[in-house]
Amino acid sequence: MDNFDISRRLAAEALGTGFLVATVVGSGIMAETLTKDVALALLCNTLPTGAILVVLISVLGPISGAHFNPAVTLVFTGKRELPVNEAALYIIAQIIGGAIGTMAAHLMFAHPLIDLSMKTRTGGAQWFAEAVAAFGLIVTILAGIRFQRTAVPWLVGLYITAAYWFTASTSFANPAVAIARSLTNTFSGIRPADLPGFILAEICGALAGMLLMNWLLGRTDAREPATVVETRS
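Keep in mind that what you see is a predicted model, and the values were worked out from it rather than measured.

Re the packing of helix α3 (residues 70-78) against helix α5 (residues 124-147)
Running from N to C, α3 and α5 point in directions that differ by 50°, and their axes come no closer than 11 Å. As judged from the angle between their axes, α3 and α5 are oblique. In this structure, the crossing between α3 and α5 has a hand that is right-handed. When α3 is examined against α5, the residues Val72, Val75 and Phe76 are found in contact with a partner set consisting of Leu137, Ile138, Ile141, Leu142 and Ile145. Within the contact of α3 with α5, the residues separate by chemical class into eight nonpolar, no polar and no charged.

Structure (structure tokens):
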């Protein structure tokens, strides 16, 4: 990241978030077109999302860190790895990129450019699911960076693929993506009125994940576990 100026990093964040949202929304539209089976449609929505995350993190991570997510950006700001002023710009870029991603998906499928969602996603179970989804995402990212840095794209892609199915909310885990999904009245949409609960839950879950991993990954002595040492050449 040190080799790229802020304008390039912001462009990478907007581009990555845009492609992520275009994949989520576009694959949802495609799934609805091809089948009326909701479970199959969800699977058709899940696999492209996990796959595109692997690609985007791999190719854009070296430029911006591949946050594509305000909750992730807030965590790295909390860890003092990203200045507050840059974090604010990252979040703006992510939100704008996500909105453009929705519009791009709509254009590809001949839908109205913006079509506010009427899909209800609210309630305590949904909010808790979003907190769990964001919590697990941060745990995956921070532990992955610590122990398997080169595998982080795959770890995140696989985590989101799994979380689509084990969370009641289908794991938005991303405020920028949630906002973008409120602009589409298709399979992946969410009512704008339901956004505050989702976003608050996502941020709380992400911060809880950061606090846990700060403790869990903190060393109490200079020695490393024998299992870790033995796997290193």
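A word on helix α6 (residues 152-166)
Between its first and last C-alpha, α6 extends 21 Å over 15 residues, near the 21 Å set by a 1.5 Å rise per residue. Contacts from the buried residues of α6 go to α1 (6-34), α2 (38-64), α5 and α7 (175-181).

A look at the packing of aromatic side chains
A complete count under the given rule lists two aromatic pairs for this structure. Between tyrosine 159 and phenylalanine 166, the aromatic rings sit 6.3 Å apart at their centres with planes inclined by 75°, giving edge-to-face as the arrangement. It is lysine 119 that lies over the ring of phenylalanine 187; its NZ or CZ is 4.8 Å from the centre. Over the face of the ring belonging to phenylalanine 172 we find arginine 181, whose NZ or CZ atom lies 3.6 Å from the ring centre.

A few points about the side chain of asparagine 45
In this fold, asparagine 45 is placed in helix α2. Apart from residues lying up to four places away in sequence, asparagine 45 is in contact with Thr23, Val24, Ser27, Gly28, Tyr164, Phe187 and Ser188.

A few points about the nonpolar core
Nonpolar side chains in soluble globular proteins tend to be buried together. Grouped together as the largest cluster of nonpolar side chains are 41 residues, with contacts concentrated most on Leu20, Leu137, Leu142 and Val156. Among the secondary structure elements, those contributing two or more residues to this core are α1, α2, α3, α5, α6, α7 and α8 (195-216). Contacts of leucine 137, omitting those with residues within four sequence positions, involve Asn69, Val72, Val156, Tyr159, Ile160 and Ala173. Among the nonpolar cores identified, the runner-up in size contains six residues, and Ala178, Ile190, Leu195 and Ile199 belong to it.

Criteria and thresholds
- Residues numbered from 1 in each chain as written.
- Predicted model: local features only at pLDDT ≥ 70, side-chain atom pairs only at ≥ 80, totals over all residues.
- Heavy atoms only, no water.
- Axes fitted to C-alpha atoms, helices over the stretch in contact; angles between N-to-C directions.
- Helix = DSSP H or I, 4+ residues; strand = E, 2+ residues; numbered from the N terminus.
- Parallel < 35°, antiparallel > 145°, perpendicular 65-115°, else oblique.
- Left-handed = near helix turned anticlockwise from the far one by under 90°.
- Contact = heavy atoms within 4.5 Å.
- Nonpolar A, V, L, I, M, F, W, Y, C, P; charged D, E, K, R; others polar.
- Expected span 1.5 Å × (residues − 1).
- Phe/Tyr/Trp six-rings, centres within 6.5 Å; stacked < 30°, edge-to-face > 60°.
- Lys NZ or Arg CZ within 6 Å of the ring centre and 35° of its normal.
- Core = buried A, V, L, I, M, F, W, Y, C linked by side-chain atoms within 4.5 Å.
- Buried < 20%, exposed > 50% of the residue type's maximum accessible area, 1.4 Å probe, protein only.

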